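Architecture and fold: a report
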Amino acid sequence: MTFLMKLCTLAVNVLCLPLHLMEAVGLYQLYKRVFPICLYRIAITYNKKMHDKKKELFRSLPEFNKPGGQLTLLEIGCGTGTNFEFYPPGCKVICTDPNPHFQKYLTKAMAENDHLKFESFVVASGEDMGSVEDESVDVVVCTLVLCSVNDVPQTLREAHRILRPGGAFFFLEHVVADPSTWSYFFQHVLQPAWYYFGDGCQATRETWKHLEAAGFSELKMRHIEAPLIFIIKPHIVGYALPDGQIADNNPSEPLRLSEKKMKCFLVKLCRLLCSVLTLPLLLMELTGLYGLYKRLFPLLAYNITFSYNDKMHKTKRELFRNVGKFANADGTLRLLEIGCGSGANFKFYPYGCTVICTDPNPHFQQYLRRNMAANTHLTYEDFIVVSAEDMKDVRDESVDVVVCTLVLCSVRNVLRVLREVHRILKPGGAFYFLEHVVSDSSTWTYFFQHVFEPVWYYLGDGCMITRATWKDLEAAGFSELHLKHIEAPEVTTVIRPHIMGYSIK
């Protein structure tokens with residue numbers, strides 16, 4: 001199914017090449033004039049089908065009115081004003097949208113909802129609402145908007161900034177489906193075309209992860225199945241309460257809009273060309289010939305690991321120096337390594353530690369035995385051929401420490417792996433990680449990561465170099481998370497950005 005999805009997505013991407021070119025030369029801007037007309041008609045149907053959901057969501061809005069005052073509400077990406085009918089009488093509404101061509105339909109919606117007081121319509125993106133003062137509104141509303149903003153965390157920081165203490169952020173957003181469903185398949189296949197039809201809409205976003213990582217003091221959220229077309233059927237709905245300021249993880253000066261668009265176009269075009277070049281590899285995967293590479297990969301990884309370990313020796317020593325503190329009262333320590341590969345981490349584990357090795361590739365075993373023989377200070381319990389998402393052979397709460405280095409980049413489902421880690425760890429146990437991650441979007445490293453990923457995926461036996469793995473760790477539900485971003489010394493540019501640290505169950 002993964003191969004078929006990639007092949008179909010590639011085909012749709014090729015068909016969308018004229019649209020990519022239209023966007024690059026500026027002709028796509030004409031659609032921004034037409035889009036409000038389309039959305040106005042679609043929104044009527046959407047509102048009918050989602051009427052009960054919206055009514056339930058917005059019924060608690062009056063609770064966030066400041067004592068003795070008028071409820072001030074700001075809606076991000078107000079569009080045609082389809083939410084107005086659900087707002088409480090007397091509410092003061094500030095409307096924002098980056099598309100000025102919505103104003104005609106917005107004015108009509110304002111006239112039809114005279115129970116509200118409309119303060120202003122601000123043409124602004126969700127990421128930069130600089131004209132709105134800090135802590136000036138009681139409620140921020142965002143429905144079907146986080147799917148199309150360029151930077152979800154920045155939009156949430158802006159929402160946090162303009163909300164007064166005690167205010168609330170209400171949301172209703174479509175999200176990516178479960179990977180086991182056909183909805184997930186079609187969301188990814190049709191995404192290139194859907195992006196243009198929906199004026200930048202991304203049907204494959206895991207928006208709940210951004211909300212969980214946004215630093216709200218309280219998050220009330222649930223996943224629902226909306227009675228809509230399959231591609232936008234999975235939704236999240238709820239509200240969040242702010243507490244303090246959200247740290248700005250991207251302090252660098254943002255690129256000008258024209259530069260952003262050009263860079264985005266170049267990424268898409270170069271990635272598309274790179275994907276076309278990997279078509280023979282896709283066919284090899286379909287016919288099963290790629291399975292031969294899985295026999296060769298352990299040999300390559302074994303040799304590459306020597307160089308990586310030399311360059312990352314100090315980093316690994318720093319990471320693993322306090323593993324011993326998670327030993328039991330009798331001094332024993334059971335450690336399980338996910339994706340152990342050739343055993344490159346063994347030299348960093350404490351004396352007398354009992355190690356359980358797991359890896360989905362059985363062909364690593366001969367290289368693993370070499371490192372076992374070279375590290376006699378450890379006791380080796382077992383080598384289990386199993387995927388990290390399903391370690392059913394390992395009992396619940398049976399290990400003191402789990403280690404995972406350069407593995408979460410290639411698993412199919414990071415959150416499922418983290419749930420498995422949580423399951424097998426004893427209470428108070430620790431999960432140690434060292435992973436390469438996606439670079440900051442303003443860098444050329446980010447550009448090359450996205451361009452070369454189709455090739456890198458096959459070279460690295462499923463390795464994804466564009467994952468923001470720290471978001472999954474932040475959303476995994478550990479009681480403590482000690483994480484820092486580093487630039488790995490002297491390693492290949494596309495895997496230079498790393499995260500390292502540990503979390504406690």
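Check the entry above for the structure.
Let us look at the structure shown here. On a predicted model such as this, the values are computed, not experimentally measured, just so you know. (Residues numbered from 1 in each chain as written. Predicted model: local features only at pLDDT ≥ 70, side-chain atom pairs only at ≥ 80, totals over all residues. Heavy atoms only, no water.)

1. A few points about the overall build of the protein chain
Helix and strand counts for the protein chain come out as 16 helices and 14 strands. Computed over its C-alpha atoms, the radius of gyration of the protein chain comes to 25 Å, within 12% of the 23 Å expected for a compact globule of 505 residues. When its C-alpha atoms are laid out on the principal axes, the protein chain stretches across 80 × 55 × 40 Å. Counting contacts in the protein chain only where the partners sit at least 6 residues apart, residues at least 24 apart contribute 76% of the total. Entry remark: accessible area of the protein chain is about 23,600 Å², with carbon and sulfur atoms responsible for 57%. When the 53 positive and 53 negative side-chain charges of the protein chain are each reduced to one mean point, those points stand 4 Å apart. (Helix = DSSP H or I, 4+ residues; strand = E, 2+ residues; numbered from the N terminus. Rg over C-alpha atoms; globule rule 2.2 N^0.38 Å. Contact = heavy atoms within 4.5 Å. Areas by Shrake-Rupley, 256 points an atom, 1.4 Å probe, with all protein chains shown as cover. Lys, Arg positive; Asp, Glu negative; His and termini not counted. Charge placed at Lys NZ, Arg CZ, Asp CG, Glu CD.)

2. Some remarks on the sheet that holds strand 6 (residues 218-225)
The 7 strands are arranged 3-2-1-4-5-7-6 in an open sheet whose pairing can be described as mixed. With partners counted over all chains shown, the strands left at the sheet margins are strand 3 (117-123) and strand 6, one partner each. Averaged over all pairs of adjacent strands, the angle between strand axes in this sheet comes to 15°, irrespective of strand direction. Strand direction decides the pairing type here: strand 1 (residues 72-76) and strand 2 (residues 92-97), joined by 5 bridges, are parallel. The partner of Leu74 across the bridge, within strand 2, is Ile94. Sheet contacts for helix 4 (residues 51-58): strand 4 (137-143), strand 5 (163-174), strand 6 and strand 7 (234-241); angle to strand 5, the most-contacted strand, approximately 165°. (Pairing = 2+ DSSP bridges. Axes fitted to C-alpha atoms, helices over the stretch in contact; angles between N-to-C directions.)

3. Some points on the pairing of strand 1
Most of strand 1 is tucked away: 5 of the 5 residues are buried. Neither face of strand 1 is left uncovered, since the one carrying Thr72, Leu74 and Ile76 and the one carrying Leu73 and Glu75 both have all their residues buried. The sheet contact formed by strand 1 and strand 4 spans 4 bridges and is parallel. Looking at the pairing, Leu74 lines up with Val140 of strand 4. (Buried < 20%, exposed > 50% of the residue type's maximum accessible area, 1.4 Å probe, protein only.)

4. A look at the pairing of strand 7
Moving residue by residue along a regular strand, the side chains alternate between the two faces of the sheet. Most of strand 7 sits out of view: 8 of its 8 residues are buried. Neither face of strand 7 is exposed, since Pro234, Ile236, Gly238 and Ala240 on one face and His235, Val237, Tyr239 and Leu241 on the opposite face are all buried. The pairing of strand 5 with strand 7 spans 6 bridges and is antiparallel. Bridge assignment links Leu172 to a residue of strand 7, and that residue is Val237.

5. Side note on the sheet that holds strand 12 (residues 425-436)
With mixed pairing, the 7 strands of this open sheet are ordered in space as 10-9-8-11-12-14-13. Taken across any chain shown, the strands that pair with only one partner, and hence form the sheet edges, are strand 10 (379-385) and strand 13 (480-487). Ignoring which end each strand starts from, the neighbouring axes of this sheet average 15° apart. Both strand 12 and strand 14 (residues 497-504) contribute to a ladder of 7 bridges, which runs antiparallel. From the neighbouring strand, Phe431 faces strand 14, where its bridge partner is Ser503. Across the sheet, helix 13 (residues 365-374) is in contact with strand 9 (354-359) and strand 10; its angle to strand 10 comes to roughly 170°. Of the strands in this sheet, strand 8 (334-338), strand 11 (399-405) and strand 12 are in contact with helix 14 (residues 414-424), which crosses strand 12 at around 145°.

6. Details of the pattern of salt bridges
All chains considered together, the criterion is met by 18 salt bridges. As a salt-bridge pair, Glu119 and Lys92 come within 3.2 Å of each other at their nearest N and O atoms. Of this pair, Glu119 sits in strand 3 while Lys92 sits in strand 2; the two residues are 27 residues apart in sequence, bridging distant segments of the chain. Sharing partners across several salt bridges, the network here consists of Asp134, Glu158 and Arg161. (Salt bridge = Lys/Arg side-chain N within 4 Å of Asp/Glu carboxyl O.)

7. Quick word on the packing of aromatic side chains
Across all of its chains, the model carries 42 aromatic pairs by this definition. Note on Phe297 and Phe364: the rings are 6.2 Å apart at their centroids and 85° apart in plane angle, and the pair reads as edge-to-face. Of this pair, Phe297 sits in helix 11 (residues 291-311) while Phe364 sits in the loop between strand 9 and helix 13, placing them 67 residues apart in sequence. Judged by its relative accessible area of 17%, Phe297 falls in the buried class. (Phe/Tyr/Trp six-rings, centres within 6.5 Å; stacked < 30°, edge-to-face > 60°.)

8. Describing helix 13
Along an α-helix, residues three or four positions apart point the same way, because every turn accommodates 3.6 residues. Those residues of helix 13 not exposed but buried are Tyr367, Leu368, Asn371 and Met372. The buried residues of helix 13 occupy an angular sector of 145° when the element is viewed end-on, so they sit on one face. Along helix 13, exposed side chains directed more than 90 degrees from the buried face belong to Ala373 and Ala374. Here the buried face of helix 13 lies against helix 11, strand 9 and strand 10. (Arc of directions from axis to C-beta.)

9. Brief notes about the environment of Lys108
Topologically, Lys108 is positioned in helix 5 (residues 103-112). Distance from Lys108 to Thr96, taken between C-alpha atoms, is 16 Å for residues 12 residues apart in sequence.

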